[in-house]
Amino acid sequence: MTVPPGRRERKKAATRQKIADTALRLFLERGYDAVGIRDVAAEADVAVTTLFSHFAAKEALVFEQDQDFERRLTQAVTGRAPHEPLLPALRREIQALVRHCTADSAAPIWHMIDASPALREYEESMRLRHAESLATAIAADPGLSQTTTACRTIARFVIDAYAVAREAAEPEAAVDEIFRMIEAAWEAASPSRRT
């Protein structure tokens, strides 16, 4: 049973969301490079130190769902039912994430990211971190007897599936196509195939 967050945690979460919403609005209105941290803090009516207590860098303001994304992927591994295969659980989560990020309302955000070298670089480093977290979760599952290399490779494929599918003309069909390849790679790496 999860305990509901206390008043302090709710207040911190509300402040974080207010800062992120304000930053995104300003970035989309004025352009990412035209808005500074001080602009965001002033508009959100918080101190710059408060902003930095919630977000480590300006780029993190754009990717405020970063931790949730990583948590959802690792939860797809650790929270699946006993004996539920790994890849269908990951496919469902990637499909849901792709559906969310390809909604019409997300298009201006992705245009902004694609136009900014700093945001593209931040996204790439974020994807590498997500892949490592996902690989760790896969490797820790006692029911999956794969090598570290196989776990890291499949994790990278899954993270890249998200990025490739969101850019496809038909994102959901792309997820299905990519996961057929991931399943083939997972099968090829299975211990029974290595002997």
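About the criteria used
Residues numbered from 1 in each chain as written. Predicted model: local features only at pLDDT ≥ 70, side-chain atom pairs only at ≥ 80, totals over all residues. Heavy atoms only, no water. Helix = DSSP H or I, 4+ residues; strand = E, 2+ residues; numbered from the N terminus. Buried < 20%, exposed > 50% of the residue type's maximum accessible area, 1.4 Å probe, protein only. Contact = heavy atoms within 4.5 Å. Core = buried A, V, L, I, M, F, W, Y, C linked by side-chain atoms within 4.5 Å. Axes fitted to C-alpha atoms, helices over the stretch in contact; angles between N-to-C directions. Parallel < 35°, antiparallel > 145°, perpendicular 65-115°, else oblique. Left-handed = near helix turned anticlockwise from the far one by under 90°. Salt bridge = Lys/Arg side-chain N within 4 Å of Asp/Glu carboxyl O.

### Describing the side chain of T74
Logical step 1: Position of T74 relative to the elements: it lies in helix α5 (residues 66-78).
Logical step 2: Its relative accessible area of 19% is what places T74 among the buried residues.
Logical step 3: Filtering out sequence-adjacent residues up to four positions away, T74 remains in contact with S133, L134 and A137.

### Considering the nonpolar core
Logical step 1: If you look at the biggest cluster of nonpolar residues, it comprises 55 residues, and the most contacted ones within it are F27, V40, L90, L134 and I138.
Logical step 2: Top contributing element to this core by residue count: helix α9 (residues 148-166), with eight residues.

### Points about the packing of α5 against helix α8 (residues 117-140)
Logical step 1: α8 packs onto α5 with a crossing angle of 20° between their chain directions and a minimal axis gap of 9 Å. As far as their axial angle goes, α8 and α5 are roughly parallel. α5 and α8 meet at a crossing whose hand is right-handed. Facing α5, whose interface residues are D66, F69, E70, L73, T74, V77 and T78, α8 presents M126, R129, H130, S133, L134, A137 and I138.

### Re unusual backbone geometry
Logical step 1: Positive phi, close to 60°, is recorded for D45, a residue that is not glycine.
Logical step 2: When you line up the elements, D45 lands in the loop between α2 (37-44) and α3 (48-54).
Logical step 3: Given the relative accessible area of 66%, D45 is considered exposed.
Logical step 4: With phi around 70°, H83 is a residue other than glycine that occupies positive phi space.
Logical step 5: Secondary-structure assignment places H83 in the loop between α5 and α6 (86-101).
Logical step 6: Owing to a relative accessible area of 83%, H83 belongs among the exposed residues under this scheme.

### Description of the pattern of salt bridges
One side chain can pair with another of opposite charge once the charged atoms of both are near each other.
Logical step 1: Applying the stated criterion to the full structure yields 16 salt bridges.
Logical step 2: One network of salt bridges, with partners in common, ties together R25, E29 and E43.

### Considering the environment of D39
Logical step 1: Looking at the secondary structure, you find D39 in helix α2.
Logical step 2: On a C-alpha basis, the gap between D39 and F157 in space is 38 Å, while along the polypeptide they are 118 residues apart.
Logical step 3: Contact partners of D39, with chain neighbours within four places excluded, come to L26, R30 and A34.

Everything listed here is a matter of coordinates, which is why it stays silent on function.
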